[in-house]
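One letter stands for each residue in the lines below.
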Amino acid sequence: MNTGALQQRLDQEVLEQAQMQVRGIQAKLHRWAIDDHDRRFDDLFNLITDPATLLVAWERVRTNRGARTAGVDGATARYIRSVRGEDAFLAVLRADLRDGSFAPLPVRERMIPKAGGKLRRLGIPTVRDRVVQAALKLVLEPIFEVDFKPCSYGFRPRRRAQDAIAEIHYFGSRSYEWVLEADIEACFDMIDHTALLERVRRRVGDKRVLRLVKAFLKAGLLSTDGTELGTVTGTPQGGILSPLLANIALSALDEHFDERWQQMGSSTRRQGIRKRGGATYRLVRYADDFVVMVSGTREHAEALRPEVAEVLAPLGLRLSEAKTHVRHLDEGFDFLGWRIQRHRKRGTAKQHIYTYPSKKALLSVMAKVRLLTRRSAHRNLSDLLHRLNPVLRGWSTYFKHGVSKRTFDYLGHFAWQRVVGWLRKRHPRASWGSLRRRFLPGWQPTHEGIGMFDVSAVTVSRYRYRGTKISTPWTARAIIVGH
């Protein structure tokens, strides 16, 4: 074994040992948080600055898709690793954290196009700041995960959007027919720092950690024109820590509705409430997107608007009047890219709730396919398929647990036509027969051993509702949710 291979193997062993150490720390923090729901953790800074924690945080940042993107200092993860050396980089970073000289830099602004021609602001922190945020997340997440309610699914370990859709399907099938479809205006930009830090302090007593979190909140933004802007509200733009902090803030909404749910009592008592003309309701949230399922009348659902607004107000947040609606399941609504609607099952008189890709989601992936199959976008067919296949595979994997077969057939045919059209434009002098022999064996676009991903061949299957038992990575103990 040569020297380079030996060093790589040693580095891998060191990383694996660090990962095991961090998992052990996380499991302890999680268990202590479970055992005492009022406990405030006072000595977390030493865990955050531990060499093992920083090494695991660095590995997550280095292997992330955004590692090639630089912040305001111009340094990428590859540059740090090849020029500065990751050991020296982590040693200096740890020393700066320990002596209190570390200060996060402003994030670099980048404007991303949105549907409808609008632009969305994306913040790009420096690699150095990303590593510290990742270390904070490694230590804080196991603690706050204990307090998060089962109705929240976004940016939480072992939970996904399909769980939220499955819960909506579950309650919709059990008389929860009215839906308050809510939208928070610029949630990640408007969260009040004071309210957020107050919620963090419920579990964190270490002032050094609190100062670090506050420093990231106040780090500021360097706009595209070079102007440095302060951040008086909102979570760290584009930061690894941002989703966790947003969940900490929005857990106020979860706690409010969970408390109301517990007050409604058992399923028998909830039935009694409905028989007496009252209503029962259940929140389903994914990050800043949420719905409230209501078993009652439209008036009951409408009455929840001011209640939700009152809970959000102390957080500095408000509902968008234009995007907050009350819908009936028979009318249908869009959520997390899905269209959820109740209608009669073909050939029967029974009503069923169906979940399938929304038109907006389909148009979005079609736009990506169209963009990738421009004539001059790729050198050859294999390059095109290298870029196209992950898009088709990822989209179909997300939607394979719905009534998606027709949509998959349509998208597969559309993608096939676009690729064939690209071939004909790319090889204008080649005959159709020649193109078929070279690039379409079995009518499937193929080049250099790479075939086009066949969306129409994806098997659709029902996603099983896991609301009664979703474990965390740090404990085998099930989370029991009473319905």
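Residues numbered from 1 in each chain as written. Predicted model: local features only at pLDDT ≥ 70, side-chain atom pairs only at ≥ 80, totals over all residues. Heavy atoms only, no water.

## Digging into the packing of aromatic side chains
Given two aromatic rings, their pairing is described by the distance between the two centres and the angle made by the two planes.
Inference 1: Applying the stated criterion to the full structure yields 15 aromatic pairs.
Inference 2: When the ring of Tyr170 is compared with that of Phe171, the centres are 5.3 Å apart and the planes differ by 80°; the resulting orientation is edge-to-face.
Inference 3: Relative accessible area serves as the criterion here: at 2%, Phe171 is assigned to the buried category.
Inference 4: Between Phe257 and Tyr281, the aromatic rings sit 6.0 Å apart at their centres with planes inclined by 80°, giving edge-to-face as the arrangement. Highlighted residues: Phe257 in helix α11 (residues 242-263) and Tyr281 in strand β6 (residues 280-286), separated in sequence by 24 residues.
Inference 5: With a relative accessible area of 9%, Tyr281 lands in the buried category.
Inference 6: In this structure an aromatic cluster arises from ring pairing among Tyr170, Phe171, Tyr176, Trp261 and Tyr465. (Phe/Tyr/Trp six-rings, centres within 6.5 Å; stacked < 30°, edge-to-face > 60°. Buried < 20%, exposed > 50% of the residue type's maximum accessible area, 1.4 Å probe, protein only. Helix = DSSP H or I, 4+ residues; strand = E, 2+ residues; numbered from the N terminus.)

## Quick notes on the sheet that holds strand β10 (residues 338-344)
Inference 1: Sheet architecture is open: three strands sit in the order β9-β10-β11, paired in antiparallel fashion. A strand with exactly one partner marks an edge of an open sheet, and here the two such strands are β9 (333-335) and β11 (351-357). Ignoring strand direction, the axes of neighbouring strands in this sheet form an average angle of 30°. (Pairing = 2+ DSSP bridges. Axes fitted to C-alpha atoms, helices over the stretch in contact; angles between N-to-C directions.)

## Details of the side chain of Asp254
Inference 1: Within the element layout of this structure, Asp254 appears in helix α11.
Inference 2: A residue is classified by how much of its surface remains accessible, and Asp254, at 0% relative accessible area, is buried.
Inference 3: In this structure, Asp254 is in contact with Lys149, Cys151, Ser152, Leu283 and Arg285, ignoring residues within four places of it in sequence. (Contact = heavy atoms within 4.5 Å.)

## Describing unusual backbone geometry
Inference 1: Phi is positive for Ala186, which is not a glycine, with a value near 45°.
Inference 2: With respect to the helices, strands and loops of the structure, Ala186 is situated in the loop between β3 (178-183) and α8 (187-190).
Inference 3: Of note in the backbone geometry, Ala287 takes a positive phi value of approximately 55° without being a glycine.

## Comments concerning helix α13 (residues 298-312)
Inference 1: If you check α13, its first and last C-alpha atoms are 22 Å apart, about what 15 residues at 1.5 Å a residue would give, namely 21 Å.
Inference 2: If you check which residues of α13 are buried, you get Ala301, Leu304, Glu307, Val308, Val311 and Leu312.
Inference 3: Packing partners of the buried residues in α13 comprise β3, α11, β6, β7 (289-295) and β8 (325-328). (Expected span 1.5 Å × (residues − 1).)

## Focus: the packing of helix α3 (residues 51-62) against helix α5 (residues 86-99)
Inference 1: Running from N to C, α3 and α5 cross one another at 125°; their axes reach a closest spacing of 11 Å. As summarised for this structure, α3 and α5 are arranged oblique, according to the angle between their axes. In this structure, α3 meets α5 at a crossing whose hand is right-handed. When α3 is examined against α5, the residues Pro51, Leu54, Leu55, Trp58 and Arg62 are found in contact with a partner set consisting of Glu86, Phe89, Leu90, Arg94 and Leu97.
Inference 2: Here the contact of α3 with α5 is built from residues that sort into seven nonpolar, no polar and three charged. (Parallel < 35°, antiparallel > 145°, perpendicular 65-115°, else oblique. Left-handed = near helix turned anticlockwise from the far one by under 90°. Nonpolar A, V, L, I, M, F, W, Y, C, P; charged D, E, K, R; others polar.)

## Describing the nonpolar core
Inference 1: If you look at the biggest cluster of nonpolar residues, it comprises 134 residues, and the most contacted ones within it are Val131 and Leu136.
Inference 2: Here this core gets eleven residues from one element, more than from any other, and that element is helix α6 (residues 127-144).
Inference 3: For Leu136, the contacting residues outside a window of four places in its chain are Ile48, Val209, Leu212, Val213, Phe216 and Leu241. (Core = buried A, V, L, I, M, F, W, Y, C linked by side-chain atoms within 4.5 Å.)

## Digging into helix α16 (residues 405-426)
Inference 1: Over its 22 residues, α16 extends 31 Å from the first C-alpha to the last, a length consistent with the 32 Å expected when each residue adds 1.5 Å.
Inference 2: Looking only at α16, the buried set comprises Thr407, Phe408, Leu411, Gly412, Phe414, Ala415, Val419, Val420, Trp422 and Leu423.
Inference 3: For α16, the elements touching its buried residues are β11, α14 (359-372), α15 (381-399) and α17 (432-439).

## Focus on empty space enclosed by the protein
Inference 1: If you walk through the whole model with that rule in mind, you get one cavity of 30 Å³ or more.
Inference 2: The volume enclosed by the largest cavity comes to roughly 50 Å³.
Inference 3: Together, Cys151, Asp254, Phe257, Asp258, Trp261, Tyr281, Arg282 and Leu283 line the largest cavity.
Inference 4: Only α11 and β6 provide two or more residues apiece to the lining of the largest cavity. (1 Å grid on protein atoms, 1.4 Å probe; cavity = no way out; pocket = protein on both sides within 12 Å on 5 of 7 lines; lining within 4 Å. Points joined across faces, edges and corners; volume = space filled by probe spheres on them.)

## Details of the sheet that holds β8
Inference 1: Overall, antiparallel pairing links the four strands, which are arranged β6-β7-β3-β8 in an open sheet. Of all strands in the sheet, those bounded by a partner on one side alone are β6 and β8. On average, adjacent strands in this sheet sit at an angle of 25° to one another, irrespective of strand direction.
Inference 2: Of the strand pairs in this sheet, β3 and β8 are connected by four bridges, and their pairing is antiparallel. Within β8, the position partnered with Glu181 by the bridge is His325.
Inference 3: Sheet contacts for helix α7 (residues 161-172): β6 and β7; angle to β6, the most-contacted strand, approximately 165°.
Inference 4: Together, β6 and β7 form the strand contacts of α11, whose direction differs from that of β6 by roughly 160°.

## Considering the environment of Ile80
Inference 1: Position of Ile80 relative to the elements: it lies in helix α4 (residues 77-84).
Inference 2: On a C-alpha basis, the gap between Ile80 and Val127 in space is 8.8 Å, while along the polypeptide they are 47 residues apart.

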